[in-house]
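# Examining the three-dimensional arrangement
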Amino acid sequence: MSSALLLIDVQASFPQRPYWNPQELGRWPEAQRELVDLAKASGIPLVRIFHLAPGSGGAFDPDKGFVKPLPGFEDPAVATFYKTAHNAFTDTGLDRWLRGRGITTLWISGIRTEQCCETTARVGADLGYDVVFVAEATLTFSMSRAGRVFSAAEIRERTELVLDGRFARVVPVSALHNERCELA
């Protein structure tokens, strides 16, 4: 086995945030579920990543009780890592764990597309991993800057643009159904 699915920050902290908008989830829950189920059926290990902000008093503070799987995504993971940085590598031991198991390909999914998922993809590529960014299995929310609102779709599209062919292969879940034998 040379692939692993990283389930990044799919945690109960997010519905506590003011920008959480169930109407912006779109097809994400179904795509994320399909990807988790595909990995499981293909024997690809699920690696869970949680974001922590200890002492913050907010939704990512472990003392608040929200640093746990988002309902519907409680699947058992072969390993769980806790991060305080935006990427899943800096302060977690994830790289050592992956290399110790001969994992060279990472399927990236989770919450937020342009933040922890994109940053993990970039760092993973820099560390030499083959990164498969499953954009439809990442979730983000509208953001504003200088009076302009950027939709979640625009943010995802921008992330796909800057990652594809540079730091990752951006693929839909359906492509992984066809490639799973090659990627596992």
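Residues numbered from 1 in each chain as written. Predicted model: local features only at pLDDT ≥ 70, side-chain atom pairs only at ≥ 80, totals over all residues. Heavy atoms only, no water.

With that settled, the discussion passes to the sheet that holds strand β2 (residues 46–51). Read from one edge to the other, the open sheet built from six strands follows the order β3-β2-β1-β4-β5-β8, with strand pairing classed as parallel. The open sheet terminates on both sides in strands that have one partner only, identified here as β3 (79–83) and β8 (169–170). Here strand β1 (residues 3–8) pairs with β2 via four bridges, running parallel. Each bridged residue has a counterpart across the sheet, and for Leu 7 the counterpart in β2 is Arg 48. Packed onto the sheet, helix α1 (residues 28–42) meets β1, β4 (105–111) and β5 (130–139) and runs at close to 140° relative to β5. (Pairing = 2+ DSSP bridges. Helix = DSSP H or I, 4+ residues; strand = E, 2+ residues; numbered from the N terminus. Contact = heavy atoms within 4.5 Å. Axes fitted to C-alpha atoms, helices over the stretch in contact; angles between N-to-C directions.)

Assignment of secondary structure puts Arg 158 in helix α4 (residues 152–163). Of the residues examined, Arg 158 reaches a relative accessible area of 40% and is grouped as partly exposed. Each C-alpha atom, one on Arg 158 and one on Glu 114, is 8.4 Å from the other, the two residues being 44 residues apart in sequence. Those residues in contact with Arg 158 that lie beyond four places of it in its chain are Glu 118 and Arg 122. (Buried < 20%, exposed > 50% of the residue type's maximum accessible area, 1.4 Å probe, protein only.)

Here the structure, examined in full by the defined rule, presents 11 salt bridges. In this structure, Lys 83 and Asp 9 form a salt bridge, with 3.0 Å as the shortest nitrogen-oxygen distance. Of this pair, Lys 83 sits in strand β3 while Asp 9 is found in the loop between β1 and α1, placing the two residues 74 residues apart along the sequence. Asp 9 sits in the buried class, given a relative accessible area of 1%. With a closest N to O distance of 3.0 Å, Glu 118 and Arg 122 form a salt bridge. Here the residue Glu 118 and the residue Arg 122 both occupy positions in helix α3 (residues 113–126), the gap between them amounting to four residues, near one helical turn. For Glu 118, a relative accessible area of 4% corresponds to the buried category. Judged by relative accessible area, Arg 122 falls into the partly exposed class, the value being 27%. Each of Arg 27, Glu 34 and Glu 136 takes part in a single network of salt bridges with overlapping partners. (Salt bridge = Lys/Arg side-chain N within 4 Å of Asp/Glu carboxyl O.)

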